[in-house]
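# Chain and residue survey
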Amino acid sequence: MGVTNDKMKYDAIVIGSGMSGGWAAKEFCDKGFKTLLLERGRDVKHIKDYPTTNMYPWEFKHGGQVPQKIQDESPIVSKCYAFREDTMHFFVKDDEHPYVQEKPFDWIRGYQVGGKSIMWARQTQRWSDFDYEGPARDGFAVDWPIRYKDIAPWYSYVEKFVGISGNKDGLAVLPDGEFLPAWELTCVENYFKDFIGKNYKDRHVIYARCAHITQPQPIHIEQGRGQCQSRTLCQRGCPFGGYFNANSSTIPWALKTGNLTLRPFSVVHSIIYDEKKGKATGVRVIDANTKEAIEFTAPVIFVNASALNSNLILLNSTSSRFPNGLGNDNGLMGKYFAFHNYRARISGTYDGFKEFTTDGKRPTSAYMPRFRNVEKQETDFLRGYAAGFASFRGYANEGTDGLFGEELKNKLTAKPELGVWGVGSHMMGETIPKETNFVTLDKDKKDAWGIPLLKMSVEYDDNDEKMTKDFIEQMTEMYTKAGFTDIKTTDSNNAPGLDIHEMGGVRMGHEPKTSLLNKWNQLHACTNVFVTDGACMTSTSTQNPSLTYMALTARAANHAMEEMKKGNL
Amino acid sequence: MKRRTVIKNVVFFSAGAVLLPSCLQQSSKPSVVLKNIKVSGEQEELVAALSEFILPTTSSPGAKQLSAHQYILMMVDDCFKKDDQEKFIKGLQQFNEFAKKKSGEMFTDADVSKRTGLLKTIESKKDIPEDILSFYNITKRLTIQSFTGSKYYLTEVRKYEMVPGRFHGCFPVTNSKL
C-alpha cells in the first residue's frame, strides 16, 4: 500500500458524492472540517458537463431514441424511464459494472459526481410518525430508533437549502414543510381533488411537493441557483440550477469553503479497521484509472455510496474482528433489504372541461398520500401505497392512415384538434423488509478492481401481490366514481429495482443484536462509521426517499462533529 | 502465382472495371454510412423518391429537402431490431417489382398518376404482401418523423418552447396558441 502523508489525512471522509454524500461533505466543510469526498466515477461539473442541456429536439441524431445496439448490450438500464438519448451518458451501462442476480433485480446506477441526483424524479414528501412507527405497530422489521420529532428540524434544514415547491396541506399523514410556491393543478386535478375530498374520508389529492426553486431565496442565489423555468428537461442537468442536484448545490458549496477535496475515479475497496484502537481509521481506495491502491485516513467516515454499494463496501470491509463485514456482529448486514413496488398503473379519460387546456410545462404532478392502514390495520395486507395523479389534454384525430402527398402535409401542418383530457396514476407501494430478501458478496466473481460482485436475492411477496391488486381495485373505483372513462390498468410485473428506491441491509434500530446502526446512523460496533444513504432504512414507507436521506445525513454529520468536539470519536 | 496468371487476372479485373458503367459504380453505395443493413445507391434513391411522394415539397419543405431518406436509413440501421430491419430490407428489395406488377412500371420510373394509384392500393392494406407493407409503413412513419421532428416544423408549425417559464393548469382553449 502507498505511503501515508499529510495529503492523505483528513478530518472526515465521505464515500459517494450523490444525494446524501454531497450533504455530508457540505456539513463538514461548513464547520471547517477538512473533508475528502470520494467518487468512483468521473467528475460532472454543473452546466459545463451537461452536454445535452440546451439541445433542441432536432439536434438529437435519433430523435431521442436510444440506439438498438446500446439497448441490446444494456437491457437492464434500457428499461429505465429516464434512460434516453439525451440522458444516457449519466447512466451505468449493464456491461460496465456487472452484478449477480440470484433473483431478477434491475439495478439502475449513476457513477459520477452527483450520482443519481442528476437524474432523479425530484419528489420530496416528508415521512410522518405513521411511517416511523409503522414497524413497531405492525410487527415487522424492527422499531425505528427515531420519531418524526427527531428528524422534523432536519427536514426543515435541508428543505430551505434545497428549495421545495409545495402547498401547506395540513395532513397528518404527510407533514408540511418549508415550501416555496406551488405550480397550479389542472382543472381535472382540482376536480378530482374536490371529488375525493367530498366522497372519501381521509383520502386526499394534493400537489406533489418537488425540489424545484419556484421563487429563489437568498440562500439559493448564494448557491448560484436560479428560478426553475419549467423546461421539464431536468434529467439532462439544469443550466438554471432550477432543481436540486449535488452538482449545482451541496458540492460547489463545500468546495467554496476551501475545505473539500473532491476525488473522482476513486473506487472504495473497503474501510480499514484498527483492532487496537477499536475503530475505523480510513478507507482503501483503488484508483479507477491506474488501478493503484491508496489509503486515506480520517477519524470519521460517512458511507453514502448508494444503498446497494454501501452494503457492498461494508460487507467487503473484513478484519479478524469483523470477518463478516464491518460492524456485522449479528449477521444481519445485507438482510431485510427492501424497495418500492411501482408495478401498477391506471389511466383513463375525462369528458369535461373541454373549454380548457394547459399552457406551459410543469415538472411535477398531483399526489395521493397513503390512505390504506394509516390509523389502523384494515386490509388483509400490511401498509399501503401512495399514488401519483396527473392529467393532460392530448390531441385528437392524429391518425394518418390513408393519407399521403399534399393531403398528408395539410394534416400535419393544420391547427391540431384537442382531444379529451387524459388522466393517469402510478403506484408507490411500501414493501416489507424481510430476512429472506438480502444481498451478499459473490464468492468467486470479482470486478475489474478485484472487488467481489454484489449478488441480489430480492423478490416480491404475497403482501406485495395483495397490495398491487388493491391499488388497481381502489383506483379503478375512484376513477369510475369520478366519472373517468376508458379506464385501463396494468401490472408490469417488473422485477424489483426499477423504482430506483433500494433501501436497507444496514438498518437503524435500538439494539445491536437486531440492527446495525444506532439512532445517529453510527455502526453500533464501530461508532466512527456512519451510514446515511438508503442502506440505513429500517422500513420503506411510500414516499420518495431522497429527502429523508438528506435530512438523516445532515443530522448525523452534525452529531458526528459534536461528538468529535467532545472527544468521543 | 505464375506470372502469366497474374497478368491474366489483372487484365480480367481491369476489363471488368471498364465494362462497369461509372454511374452505376458511384450509385452502388448509399450516401450514409450503414453498419447493420445493406442498401445500394439505387435503393436509397427509391427510398428518397417514395418519401418525397409521401411528403412532397409544397410551400413548406418536403422529404427531399429534409434529407428524409438519409434519416430513414440511419434510423433503421441504428434504432431497429434485427427482425424489423430484415422486414424493411425485404420490402425495399421487392418494392419496385411489386410496383411493376400493380402499375406496370417500377416505382422510380412511374409517373404521378401511377404512383398515386400504387400508394392508394397500399394504403387500402388489402392483399399487400407483409414485407411490402412493413417497408411502406416504416418509410412513411420515419418520413413523418423527419418532418415533425425537424427544425422547420418545431419553429414554424408547432413551436417548441425550450424555456416556457410558466404553467397554467386551467387555460382557456380560445387563448391557447397550440
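Residues numbered from 1 in each chain as written. Chains lettered and ligands numbered in written order. Predicted model: local features only at pLDDT ≥ 70, side-chain atom pairs only at ≥ 80, totals over all residues. Heavy atoms only, no water.

The next thing to look at is the pairing of strand β24 (residues 526–531) of chain A. Residues and elements named next belong to chain A. Of all six residues making up β24, five are buried, and the element is well covered by its neighbours. The pairing of strand β11 (residues 301–303) with β24 spans three bridges and is parallel. Paired with V303 across the strands is V531, a residue of β24. Both strand β23 (residues 522–523) and β24 contribute to a ladder of two bridges, which runs antiparallel. (Buried < 20%, exposed > 50% of the residue type's maximum accessible area, 1.4 Å probe, protein only. Helix = DSSP H or I, 4+ residues; strand = E, 2+ residues; numbered from the N terminus. Pairing = 2+ DSSP bridges.)

Before going further, it helps to examine the environment of L517(A). All names here are of chain A. Following the sequence through the fold, L517 ends up in the loop between β22 (503–505) and β23. With 260 residues separating them in the primary sequence, L517 and T257 have C-alpha atoms 30 Å apart. Apart from the residues within four sequence positions on either side, L517 is in contact with V506, R507, M508, G509, Q522, L523, H524, V531 and C536. (Contact = heavy atoms within 4.5 Å.)

Under the criterion given, the structure shown has 39 aromatic pairs over all chains. Judged by centre distance (5.6 Å) and plane angle (90 degrees), the ring pair of F83(A) and F91(A) falls under edge-to-face. Like F91(A), F83(A) is buried. Judged by centre distance (5.3 Å) and plane angle (35 degrees), the ring pair of F192(A) and F484(A) falls under tilted. Here F192(A) is found in helix α6 (residues 187–199), whereas its partner F484(A) is found in the loop between α11 (462–481) and β21 (485–491), with 292 residues between them in sequence. F484(A) matches F192(A) in its accessibility class, with the two residues each being buried. Chaining the aromatic ring pairs together yields one cluster made of Y191(A), F192(A), F195(A), Y350(A), F353(A), F389(A), Y479(A) and F484(A). The aromatic ring of Y395(A) is capped on one face by R158(B), whose charged end is 4.9 Å from the ring centroid. (Phe/Tyr/Trp six-rings, centres within 6.5 Å; stacked < 30°, edge-to-face > 60°. Lys NZ or Arg CZ within 6 Å of the ring centre and 35° of its normal.)

Attention now moves to unusual backbone geometry. Residues and elements named next belong to chain A. Located in the positive-phi region is K291, a residue other than glycine, with phi close to 65 degrees. Residue position: K291 is located in the loop between β9 (279–287) and β10 (293–297). According to the relative accessible area criterion, K291 is partly exposed, its value standing at 47%.

On to the pattern of salt bridges. Residue and element names in this part refer to chain A. In total, this model carries 45 salt bridges over all chains according to the counting rule given. With a shortest N-O distance of 3.8 Å, R370 and D131 are connected by a salt bridge. Of this pair, R370 sits in the loop between β16 (366–368) and β17 (385–396) while D131 sits in helix α3 (residues 129–132), placing them 239 residues apart in sequence. Note on D131: relative accessible area 3%, which makes it buried. The residue R383 makes a salt bridge to D138 at a minimum N-O spacing of 2.8 Å. (Salt bridge = Lys/Arg side-chain N within 4 Å of Asp/Glu carboxyl O.)

Turning next to helix α9 (residues 307–315) of chain A. Counting buried positions along α9(A) gives nine out of nine residues, so the element sits mostly inside the fold. Those residues of α9(A) not exposed but buried are A307(A), L308(A), N309(A), S310(A), N311(A), L312(A), I313(A), L314(A) and L315(A).

Here the focus is the environment of K61(A). Secondary-structure assignment places K61(A) in the loop between β2 (35–38) and α2 (68–73). On a C-alpha basis, the gap between K61(A) and E85(A) in space is 8.6 Å, while along the polypeptide they are 24 residues apart.

Now for the state of the cysteines. Applying the stated criterion to the full structure yields one disulfide over all chains. Note on cysteine connectivity: C187(A) is disulfide-linked to C170(B), with sulfurs 2.1 Å apart. The sign of the 120 degrees torsion about the S-S bond sets the C187(A)-C170(B) disulfide as right-handed. With C187(A) in helix α6 and C170(B) in strand β1 (residues 167–172), this residue pair bridges two chains. With a relative accessible area of 36%, C170(B) lands in the partly exposed category. This cysteine, C238(A), is not joined by any disulfide, and C228(A) carries the nearest cysteine sulfur, 6.5 Å off. (Disulfide = S-S within 2.5 Å.)

Each partner contributes to the interface: chain A provides 51 residues, whereas chain B provides 50 residues. Surface buried jointly by chain A and chain B totals about 4200 Å² across both partners, of which 63% is contributed by carbon and sulfur atoms. If you look at where chain A meets chain B, you find four salt bridges. Residue D401(A) is joined to K125(B) by a salt bridge in which the shortest nitrogen-to-oxygen separation is 3.8 Å. (Buried area = accessible area lost by both parts, 1.4 Å probe.)

We now examine the sheet that holds β9(A). Residue and element names in this part refer to chain A. Reading across from one edge, β8-β9-β10 is the order of the three strands in this open sheet, with antiparallel pairing throughout. With partners counted over all chains shown, the strands left at the sheet margins are β8 (266–274) and β10, one partner each. Taking each pair of neighbouring strands and ignoring which way they run, the sheet shows an average axis angle of 30 degrees. Note that β8 and β9 share eight bridges and pair antiparallel. Note on β9: the bridge partner recorded for I271 is V283. (Axes fitted to C-alpha atoms, helices over the stretch in contact; angles between N-to-C directions.)

What follows deals with the sheet that holds strand β19 (residues 438–446) of chain A. The strands making up a sheet associate through backbone hydrogen bonding, with each pair oriented either parallel or antiparallel. All names here are of chain A. The three strands are arranged β3-β20-β19 in an open sheet whose pairing can be described as mixed. In this open sheet, the two edge strands, each paired with only one partner strand, are β3 (100–101) and β19. Here β19 pairs with strand β20 (residues 452–457) via five bridges, running antiparallel. In the strand pairing of β20, V439 is matched with M456. Packing of α9 onto the sheet brings it into contact with β19 and β20, and relative to β19 it is tilted by some 60 degrees.

Before going further, it helps to spend a moment on the packing of helix α3 (residues 41–54) of chain B against helix α6 (residues 112–123) of chain B. Residue and element names in this part refer to chain B. Put simply, α3 and α6 touch, their axes get as near as 11 Å, and they point 80 degrees apart. In terms of their interaxial angle, α3 and α6 are classed as roughly perpendicular. Here α3 contributes A49, L50, F53 and I54 to the contact with α6, which in turn contributes V112, R115, T116 and L119. Looking at the contact of α3 with α6 residue by residue, the class counts come to six nonpolar, one polar and one charged. (Parallel < 35°, antiparallel > 145°, perpendicular 65-115°, else oblique. Nonpolar A, V, L, I, M, F, W, Y, C, P; charged D, E, K, R; others polar.)

Moving on: helix α5 (residues 82–103) of chain B. All names here are of chain B. For α5, built from 22 residues, the straight-helix expectation of 32 Å at 1.5 Å per residue is met to within 8% by its first-to-last C-alpha distance of 31 Å. Its maximal kink placed at F95, α5 deviates by approximately 45 degrees. All buried positions along α5 are accounted for by Q85, F88, I89, G91, L92, F95, N96, F98, A99 and S103. Looking at the buried residues of α5, the elements they touch are α3, α4 (68–79), α6 and α7 (130–148). Directly after α5, the chain includes G104, whose backbone phi takes a positive value near 85 degrees. (Expected span 1.5 Å × (residues − 1). Bend = angle between axes of the 7 residues up to and from the residue.)

Now for the confidence of the model for chain B. Residue and element names in this part refer to chain B. Averaged over chain B, the pLDDT score is 88; the fraction of residues at 70 or greater is 85%. Ignoring residues within four places in sequence, the model shows residues 1–26, a span with pLDDT below 50, making four contacts including any to other chains. Across the assembled chains, the prediction reports ipTM 0.93 with pTM 0.94. (pLDDT = per-residue confidence, 0-100.)

Residues and elements named next belong to chain A. Tracing the backbone through its elements, the reader meets Q223 in the loop between α7 (218–222) and α8 (250–256). Separated by 2.7 Å, the side chains of Q223 and S249 make a polar contact. Sequence-distant contacts of Q223, that is, excluding residues within four places in its chain, are made with F161, S248, S249 and W253. (Polar contact = N/O pair within 3.5 Å; in protein donor to acceptor, adjacent residues only side chain to side chain.)

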